[in-house]
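Residue-level structure breakdown
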Amino acid sequence: IMDIVDEVIGMTEMAVDKNGRHLVGSNVIMVNNVCKGKLPMVVGDSYKITQLLYNLVTNAAKFTASGSIQLSAKEDRERSMLEIDVTDTGKGIAPEALKKIFEPFQQ
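What comes next concerns the included structure. Keep in mind it's a predicted model, so treat the numbers as computed, not measured.

Turning next to the overall build of the protein. Along the protein, the regular secondary structure elements total two helices and three strands. Reading the secondary structure of the protein in the N-to-C direction produces α-β-α-β-β. Residue burial in the protein is summarised as follows: out of 107 residues, 21% are buried. Counted over contacts in the protein with a minimum sequence separation of 6, partners at least 24 positions apart contribute 62%. When the accessible surface of the protein is split by element, carbon and sulfur atoms take 54% of a total near 8,000 Å². Placing the 12 positive and 14 negative side-chain charges of the protein at their respective mean positions leaves the two points 5 Å apart.

See the structure below:
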């Protein structure tokens, strides 16, 4: 997972919007907080995992004018899962929009 997060951060730092402007502003730092030795091996489609994280991170970049975007991961042994967190210092989601964020085709 650490290598995938490194790749996603690199791709995001190079990404530009339709006007050719970098998605990650000069006042934003990207941080990989994933520790390689502390996580179990994950079996899955690395391309899909990369795509999912890239979508989350570029969305965070669009709404973070300054501060940071951080990625971290931890094992949940009770549920046999790996939890990956993307946190940012962006403006957040309006309370009235929170009810709709998991509906298809909402923004």
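After presenting the structure, the write-up continues.
Across the sheet, three strands lie side by side as E1-E2-E3; this open sheet has mixed pairing. Either end of the sheet is taken by a strand with one partner, and the two such strands are strand E1 (28–32) and strand E3 (81–88). Strand-to-strand twist in this sheet, taken as the mean axis angle between neighbours without regard to direction, amounts to 15°. In the sheet, strand E2 (residues 67–76) pairs with E3 via eight bridges, with the strands oriented antiparallel. Paired with Asp 76 across the strands is Met 81, a residue of E3. In this fold helix H1 (residues 2–14) packs onto E1 and E2, with an angle of close to 165° to the strand it touches most, E1. Against the sheet, helix H2 (residues 46–62) engages E1, E2 and E3, with an angle of about 20° to E3.

Further remarks concern the pairing of E1. Every regular strand shows the same layout, with side chains that alternate between the two sheet faces. Of the pairings in the sheet, the one linking E1 to E2 comprises five bridges and is parallel in character. Its bridge partner lying in E2, Ile 29 is registered against Ser 68. With H2 bridging E1 and its parallel neighbour E2, the resulting β-α-β unit is left-handed.

The next point concerns the pattern of salt bridges. Side chains carrying opposite charge are able to pair once their charged atoms draw close together. As enumerated under the stated definition, the model contains four salt bridges in all. Across the pair Asp 17 and Arg 21 runs a salt bridge, and its minimum N-O distance is 3.2 Å. As a salt-bridge pair, Glu 83 and Lys 74 come within 3.9 Å of each other at their nearest N and O atoms. Judged by relative accessible area, which is 47%, Lys 74 ranks as partly exposed.

The rules we used
- Residues numbered from 1 in each chain as written.
- Predicted model: local features only at pLDDT ≥ 70, side-chain atom pairs only at ≥ 80, totals over all residues.
- Heavy atoms only, no water.
- Helix = DSSP H or I, 4+ residues; strand = E, 2+ residues; numbered from the N terminus.
- Buried < 20%, exposed > 50% of the residue type's maximum accessible area, 1.4 Å probe, protein only.
- Contact = heavy atoms within 4.5 Å.
- Areas by Shrake-Rupley, 256 points an atom, 1.4 Å probe, with all protein chains shown as cover.
- Lys, Arg positive; Asp, Glu negative; His and termini not counted.
- Charge placed at Lys NZ, Arg CZ, Asp CG, Glu CD.
- Pairing = 2+ DSSP bridges.
- Axes fitted to C-alpha atoms, helices over the stretch in contact; angles between N-to-C directions.
- Right-handed = clockwise from strand over helix to strand, strands pointing away.
- Salt bridge = Lys/Arg side-chain N within 4 Å of Asp/Glu carboxyl O.

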